[in-house]
Amino acid sequence: MFEYQLKLSKKRKTVALKVTAKGIHVYAPYGACMTEVERWLSTKKPWVEAQQKRLSVGVQVQTPWQSNSVLIFGEEYAFSFGASSYIDHQKKHVVVKTSTRSSVKSIRVELINLLAVELEQYIDSKLHQLSTQMNAPVANVKFREYKSRWGSCSSQYALTFNILLAGAPKRMVDYVMVHELAHCHILSHSREFWQLVGQYDSNYKEAVNWFKENGKQLFIAKD
Ligand SMILES: [Zn+2]
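Notes on the structure follow. Given the structure is predicted, the values throughout are model-derived calculations rather than measurements.

Another point: the coordination of the zinc ion. Taken together, the protein donors to the zinc ion comprise His179 (NE2), His183 (NE2) and His189 (NE2), at separations of 2.0 Å. Look at where the donors of the zinc ion fall in the sequence and you get H-x3-H-x5-H. Placement of both histidine 179 and histidine 183 in helix α5 (residues 170-183) is noted, with a separation of four residues, approximately one turn of the helix. Here histidine 179 matches histidine 183 in class, with each residue buried.

What follows is the structure in structure tokens.
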């Protein structure tokens, strides 16, 4: 077994487990049978080890269903379950419908769908004007989840944006839009390409660095 810190609560009805850089935390109801809790924890050992490994290599991805928080355009929103899925910007609250709770996969799908709508709305509100300014003939725009890139531009002028950008500050999303629109003129990352990016985002280097340092935080765990 692994070492953990136990926190008992009168309000709690179920046992929960959280792995952070500071250690392993177990939350249990007052009066819970510790033999049963330990038995349950022993079944979680592979998962705990996977989490610890991930923390040790410094890959910090979001696990909203454990941390109860999720990034929306650079701001931390509370994450919880409810009757339906929505994002409340005033209360900074992301709600995913309770029926998805049965598996991480379904929670994740629901959350990614919410993020896609957010990102699409934001990009829709800006892309047209930006593409006109940059004289970039965008043929169509798509959204999907990428593992290793923030956007792409095909030789047919189809742009694709990574849905996970919905967690980045809007200023960073703006940079990705400029970057992909610049690819409508120059496909390679040549000196001319970066000059063109610099014409429409004079501070683009700051954004490039931001993604290097913080990009991983936008990823959402798969387990
Ligand atoms: Zn590029």
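That covers the picture; the talk isn't over yet.
What follows concerns the pattern of salt bridges. Inspection of the entire model under this criterion finds seven salt bridges. In this structure, glutamate 145 and arginine 108 form a salt bridge, with 2.6 Å as the shortest nitrogen-oxygen distance. Here glutamate 145, found in the loop between β8 (140-144) and β9 (151-153), pairs with arginine 108, found in helix α4 (residues 104-133); they are 37 residues apart in sequence, far enough to count as distant. Overall, the relative accessible area of 25% leaves glutamate 145 in the partly exposed class. Look at arginine 108 and you get buried, because its relative accessible area is 8%. Two residues, lysine 126 and aspartate 174, come together in a salt bridge whose shortest N-O distance is 3.3 Å. Taken together, the residues span a long stretch of sequence, with lysine 126 in helix α4 and aspartate 174 in helix α5 at a distance of 48 residues.

Under the defined criterion, the tally for this structure stands at zero disulfides. No disulfide involves cysteine 153; its nearest neighbouring cysteine sulfur is the one of cysteine 184, lying 3.8 Å away.

Definitions and cut-offs
Residues numbered from 1 in each chain as written. Predicted model: local features only at pLDDT ≥ 70, side-chain atom pairs only at ≥ 80, totals over all residues. Heavy atoms only, no water. Donors = N, O, S within 2.8 Å, 3.2 Å for Na, K, Ca; no water. Helix = DSSP H or I, 4+ residues; strand = E, 2+ residues; numbered from the N terminus. Buried < 20%, exposed > 50% of the residue type's maximum accessible area, 1.4 Å probe, protein only. Salt bridge = Lys/Arg side-chain N within 4 Å of Asp/Glu carboxyl O. Disulfide = S-S within 2.5 Å.

Spatial relationships are all this shows, so hold off on functional conclusions.
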